[in-house]
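# Chains, contacts and geometry: an overview
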Amino acid sequence: MAPASASGGSTLPSGFAVLTTFPDLLFIFEFVFGGLVWILIASSLVPIALVQGWVMYVSVFCFVGTTVLLILYMYGAHGGETSWVTLDAAYQSVASLFYLSASVLEALATILMQDGYTSKHYHENISAVVFSYVATLLYVTHAVFSLIRWKSS
């Protein structure tokens, strides 16, 4: 599938077209992997409470933000206005930076907990790091294509 900007359109899709248009299709995967990060961090131990707090904040913020944008796009709340294209590009860019910082901090915390914690908690954090980096890749990809769409609008 070609991105909306490459096919000549620079507007946001509405209705079920959100689920078939790239990069908006990535909302579903961001939702799934962001939810997995949230669940894994909530059920694991992190040696630095501030790190766990930041990772939880990022995962919940992005989970809620992605859900709200997906619902608004499906309802067509944007009405084809270009300000929503700007909002989309800004949100995806901020979410990308947030998730990158959270992923790096979670990886650091996981390295620090290698000794002295149970194998279960260590493996949960490894899974959280992997899913966090997958979510970061999804948000970065979405941000790049949203910025391309914003530039062409």
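The residue numbering used here restarts from 1 in each chain and proceeds along that chain's sequence as written. With pLDDT at 70 or above as the cut-off, local features in this predicted model cover only qualifying residues; side-chain atom pairs require 80 or more to be listed or tallied, and sums for whole chains, interfaces and linings still use all residues. Just so you know, side-chain values use all the structure's heavy atoms and leave hydrogens and water out.

With that settled, the discussion passes to the confidence of the model for the chain. Values of pLDDT, the confidence the predictor places in each residue, fall between 0 and 100. Looking at the chain, pLDDT values average 83 and 90% of them are 70 or higher. Of all the helices and strands in the chain, helix H1 (residues 26-43) carries the lowest mean pLDDT, 88, while helix H3 (residues 82-112) carries the highest, 90. Overall, residues 1-8 carries pLDDT values under 50, and its contacts beyond four positions in sequence, including any with other chains, amount to 13 contacts. Numbering goes from the N terminus for both helices and strands, where a helix is a DSSP run of H or I of at least four residues and a strand is a run of E of at least two. Any pair of residues with heavy atoms lying within 4.5 Å of one another is described as a contacting pair.

Side-chain atoms within 4.5 Å are what join buried Ala, Val, Leu, Ile, Met, Phe, Trp, Tyr and Cys residues into a set we call a nonpolar core. Throughout this description, buried means an accessible area under 20% of the type-specific maximum (1.4 Å probe, protein chains only), exposed means over 50%, and partly exposed covers the range between. The biggest cluster of nonpolar side chains holds 23 residues, and the ones touching the most others in it are Cys62, Tyr73 and Tyr99. Of all elements in the fold, only H1, helix H2 (49-75), H3 and helix H4 (119-152) reach the threshold of two or more residues within this core. Among residues more than four places away in sequence, those in contact with Tyr99 are Gly34, Val37, Val58, Ser59, Cys62, Ser132, Ala135, Thr136 and Tyr139.

A pair of Phe, Tyr and Trp rings is counted when the ring centres sit within 6.5 Å of each other, with Trp represented by its six-membered ring. The angle between the planes then sorts it: under 30 degrees is stacked, over 60 is edge-to-face, the rest tilted. According to the stated counting rule, one finds 13 aromatic pairs in the structure shown. Taking 4.6 Å as the distance between ring centres and 25° as the angle between the ring planes, the aromatic pair formed by Phe31 and Phe63 counts as stacked. Taken together, the positions of Phe31 in helix H1 and Phe63 in helix H2 put the pair 32 residues apart, joining distant regions of the chain. Each ring, one from Trp38 and one from Phe63, has its centre 5.1 Å from the other, and the planes form 65°; the classification is edge-to-face. Taken together, the residues Trp38 in helix H1 and Phe63 in helix H2 connect sequence positions 25 residues apart. A residue is classified by how much of its surface remains accessible, and Trp38, at 29% relative accessible area, is partly exposed. Given the relative accessible area of 18%, Phe63 is considered buried.

Between the first and last residue of a helix there are one fewer steps than residues, each counted as 1.5 Å, and that sum is the expected span. Along its 27 residues, H2 runs 39 Å from first to last C-alpha, staying within 8% of the 39 Å computed at 1.5 Å per residue. All of the buried residues in H2 are Val51, Gln52, Val55, Val58, Ser59, Cys62, Phe63, Gly65, Thr66, Leu69, Leu70 and Tyr73. Those residues of H2 hidden inside the fold are in contact with H1, H3 and H4.

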